[in-house]
Amino acid sequence: MAGKSIKLNHLIPLMVAYVVMGFVDIVGVSTGFIQRDFNISADLAQLIPAMVFLWFFLLSVPVGILQDKLGKRKMLNIGMFISGLGMILPFIHYSFPVMLLAFIFLGIGNTIVQVPINPLLHDIVPREKYSSFMSFTQFLKAISSLMGPVITTFVAIKFNNWKLVFAIYSMVSFITVIWMYFTQIEESKPECEAASFKSSVKLLKNRFVFFLVLGIFLSVGAEVGINSNLANYLKNIFQLSLEDASLNISIYYAALMIGRFAGAILLNWVIPRKFLLYTVILAFVGILILVFSPTLTVAKIAIFMTGLGSANLFPIMFTININKNPGRANELSGLMIMSVVGGAVIPPLMGIATVNFGIWYSMLIPVFCIVYIL
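Residues numbered from 1 in each chain as written. Predicted model: local features only at pLDDT ≥ 70, side-chain atom pairs only at ≥ 80, totals over all residues. Heavy atoms only, no water.

1. As for the packing of helix H1 (residues 8–21) against helix H9 (residues 164–181)
In the contact formed by H1 and H9, the axes pass within 10 Å of each other and the chain directions differ by 150 degrees. Taken together, the axes of H1 and H9 lie roughly antiparallel to each other. Our pair here, H1 against H9, has a crossing hand that is left-handed. Between H1 and H9, the contacting residues are Ile12, Pro13, Leu14, Val16, Ala17 and Val20 on the first element and Val172, Ser173, Thr176, Trp179 and Met180 on the second. Of the residues assigned to the contact of H1 with H9, the class counts are nine nonpolar, two polar and no charged. (Axes fitted to C-alpha atoms, helices over the stretch in contact; angles between N-to-C directions. Helix = DSSP H or I, 4+ residues; strand = E, 2+ residues; numbered from the N terminus. Parallel < 35°, antiparallel > 145°, perpendicular 65-115°, else oblique. Left-handed = near helix turned anticlockwise from the far one by under 90°. Contact = heavy atoms within 4.5 Å. Nonpolar A, V, L, I, M, F, W, Y, C, P; charged D, E, K, R; others polar.)

Below, the structure is given as structure tokens:
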């Protein structure tokens, strides 16, 4: 309710949980190392991000229904525990099938985390400050995503074992589970019937809803596709080592972090529809320059432009859809979270393009995704 005070002993562990939520983006830099370690083809390697993002489609609504019975904090802890468990698997046995299983665990856990975490934040902070805290949490998640390639490259060079990043992530996940377990939060109860698959799918008959949901599907797919293919692209085009190429993924996440922070400020004055247009133009120009960049320096600038332009595509389209149909917010939320499955569809298509036509042609797929949004 409005006017309630913020309890730091509730807020701080939840902020750490948002950092844990960002661990899922380790899939991007991991894909390149796994492909090298097991000498697998590009299309087979893209099964890895698919194993992560498939679960958003399958589990988002069922988790929401189960959450009504178990509570948000319990569901959040279940999600973080499953994620942490998955990241232990590479140390039990390191093989390609086990890595697929590890990322299945990470995908299931992250899906479960994302369903309760934002409503739980709403129970902790005053209503009038919720939007600003939401922006801050996305900023935290972007920092977490940014640090993934940095930590992975560091442990790969320093200890000759890139998998140590999973040990660090797993430990943080389990510590946060314990922290949240002992954090008692008074949770609000649902005031209306939970969204279902049936009620959500019916909304796709509305063309406005359908095109925005498709836009989210393609924006997430393009972001994951760029993330999981960027290291390989730079490695092949500019003859870099995998470690050096992977480090450049941090440029993309740094741009996402800056873009989300700037978006949280600018959207106080700029109409979302216009902001969407400006940012998607920036993303389009950036990825075109990346595809045709003559030097590594130009490519780095293009990566930053693409990340800056892509930073707010998902939240803006989400906001526009909810604002247009506020009475159907529950169904729309479930539908749009399910459309995150684009992250499981676009990367394998890029892998197929790499095998059949070359790595350069695979980068044209996210170009087409951004053209649609534009």
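2. Examining the pattern of salt bridges
A full pass over the atoms with the stated rule returns five salt bridges. One salt bridge connects Arg260 with Glu223, and the closest N-O pair in it is separated by 3.9 Å. Residue Arg260 is found in helix H13 (residues 249–266), and its partner Glu223 is found in helix H11 (residues 207–238); the two are separated by 37 residues along the sequence. Overall, Arg260 belongs to the buried group, its relative accessible area being 13%. We classify Glu223 as buried; its relative accessible area is 19%. In the salt-bridge network here, residues are joined through shared partners; they are Arg36, Asp37 and Glu243. (Salt bridge = Lys/Arg side-chain N within 4 Å of Asp/Glu carboxyl O. Buried < 20%, exposed > 50% of the residue type's maximum accessible area, 1.4 Å probe, protein only.)

3. Some details on the packing of helix H4 (residues 47–70) against helix H7 (residues 96–124)
Contact geometry for H4 and H7: axes closest at 7 Å, N-to-C directions at 35 degrees. In this structure, H4 crosses over H7, and the sense of that crossing is right-handed. For the pair formed by H4 and H7, the contact residues are Leu47, Ile48, Met51, Val52, Trp55, Phe56, Leu59, Ser60, Val63, Gly64 and Gln67 on the first element and Phe96, Leu100, Phe103, Ile104, Gly107, Ile108, Asn110, Thr111, Ile112, Gln114, Val115 and Pro116 on the second. Considered class by class, the residues forming the contact of H4 with H7 number 16 nonpolar, seven polar and no charged.

4. With respect to the layout of surface pockets
Each pocket or cavity is described by its volume, and for the second largest pocket that value is around 360 Å³. Lining the second largest pocket are 13 residues, with Leu212, Arg273, Leu276, Ile320 and Ile373 positioned closest to its centre. Taken together, the elements giving at least two residues each to the lining of the second largest pocket come down to H11, helix H14 (272–292), helix H16 (313–324) and helix H20 (364–373). Partitioned by chemical class, the residues of the lining of the second largest pocket number eleven nonpolar, one polar and one charged. (1 Å grid on protein atoms, 1.4 Å probe; cavity = no way out; pocket = protein on both sides within 12 Å on 5 of 7 lines; lining within 4 Å. Points joined across faces, edges and corners; volume = space filled by probe spheres on them.)

5. Focus on the nonpolar core
Ranked by internal contacts, the top residues of the largest apolar core, which has 111 residues, are Leu14, Leu76, Phe103 and Leu234. With residues near it in sequence (within four places) discarded, Leu14 still touches Leu76, Ile117, Leu120, Leu121, Ile124 and Met180. (Core = buried A, V, L, I, M, F, W, Y, C linked by side-chain atoms within 4.5 Å.)

6. A few points about a nonpolar patch on the surface
A contiguous nonpolar patch, built from Leu277, Tyr278, Ile281, Val285, Ile289 and Leu374 and spanning about 500 Å² of accessible area, is present on the exposed surface. Inspection of the secondary structure assignment puts Ile281 in helix H14. (Patch = residues over 30% accessible without salt bridge, like charges linked within 9 Å, V, L, I, M, F, W, Y side chains within 5 Å. Areas by Shrake-Rupley, 256 points an atom, 1.4 Å probe, with all protein chains shown as cover.)

7. A short note on empty space enclosed by the protein
The final tally for this structure, using the stated rule, is two cavities of 30 Å³ or more. Volume-wise, the largest cavity comes out at about 50 Å³. Sorting elements by how many residues they give to the lining of the largest cavity places H11 first, with five residues. In this structure, the second largest cavity spans a volume of roughly 30 Å³. Around the second largest cavity, the lining residues are Thr31, Gly32, Gln35, Gln46, Ser228, Asn229 and Asn232. Put simply, the parts of the chain that give the lining of the second largest cavity at least two residues each are helix H2 (26–38) and H11. Of the residues in the lining of the second largest cavity, the class split is no nonpolar, seven polar and no charged.

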